[in-house]
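For reference, the chains in residue letters:
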Amino acid sequence: MLRSLVALSCLATATAFTAPSQTSRPALLRLRGGDGEIGAVVVPLSAVIGGATGVSMYLGTERITKILWLGLNKFPHDKYIGMAMIGWAMGKIAAVREGPEATKHYAQLNCIPLLLWLITNFRGSAPLTTSIIPFLLFSGYVYTGFIE
């Protein structure tokens, strides 16, 4: 039953997105692929992962959280942290629904908590594997927010 609930929450999160409106972008951006294509994938994908992680943490299903994070990260299964993760995912959904410009601004701001996550991992002597997914997300957000 818990698996079904997590699967339904992932599906509901994924279907909440609408395709971003395609605005006329400068030709140079279109030539180098900078039409918000990466942001339209990175931010929704991280929203699904974050939302599913939050639901899993809230429900206390450590096994599902471990699967979502490929066994690389271990999270405390606290309902308050789960609610915060769900809230973080809702912010991502709101940005994507507003379109490419809002997604870009969200990505710029979201670099802050992701960078803090990485700094905390390194200062706390966490295993290097716990920083793989946060680093990939941080890289995607830097590209989406500042390069694309």
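Provided above is the structure to which this section pertains.
Residues numbered from 1 in each chain as written. Predicted model: local features only at pLDDT ≥ 70, side-chain atom pairs only at ≥ 80, totals over all residues. Heavy atoms only, no water.

Caption draft 1: Structural detail: the overall build of the protein. Summing up its helical and strand segments, the protein has seven helices and zero strands in all. Across the protein, helices and strands are ordered from the amino to the carboxyl terminus as α-α-α-α-α-α-α. Sorting the 148 residues of the protein into buried and exposed places 40% on the buried side. Relative to all contacts within the protein whose residues are 6 or more apart in sequence, the contacts with residues 24 or more apart total 70%. (Helix = DSSP H or I, 4+ residues; strand = E, 2+ residues; numbered from the N terminus. Buried < 20%, exposed > 50% of the residue type's maximum accessible area, 1.4 Å probe, protein only. Contact = heavy atoms within 4.5 Å.)

Caption draft 2: How the structure looks around the packing of helix α6 (residues 100-123) against helix α7 (residues 132-147). The contact between α6 and α7 brings their axes to 8 Å, and the two run at 150 degrees. Compared by their axis directions, α6 and α7 come out roughly antiparallel. In this structure, the crossing between α6 and α7 has a hand that is left-handed. For the pair α6 and α7, the contacting residues are Thr103, Lys104, Tyr106, Ala107, Gln108, Asn110, Cys111, Leu114, Leu115, Trp117 and Leu118 in the first and Pro134, Phe135, Leu137, Phe138, Tyr141, Val142, Thr144, Gly145 and Phe146 in the second. Partitioned by chemical class, the residues of the contact of α6 with α7 number 14 nonpolar, five polar and one charged. (Axes fitted to C-alpha atoms, helices over the stretch in contact; angles between N-to-C directions. Parallel < 35°, antiparallel > 145°, perpendicular 65-115°, else oblique. Left-handed = near helix turned anticlockwise from the far one by under 90°. Nonpolar A, V, L, I, M, F, W, Y, C, P; charged D, E, K, R; others polar.)

Honestly, that's just the spatial picture; any functional story needs more than this.
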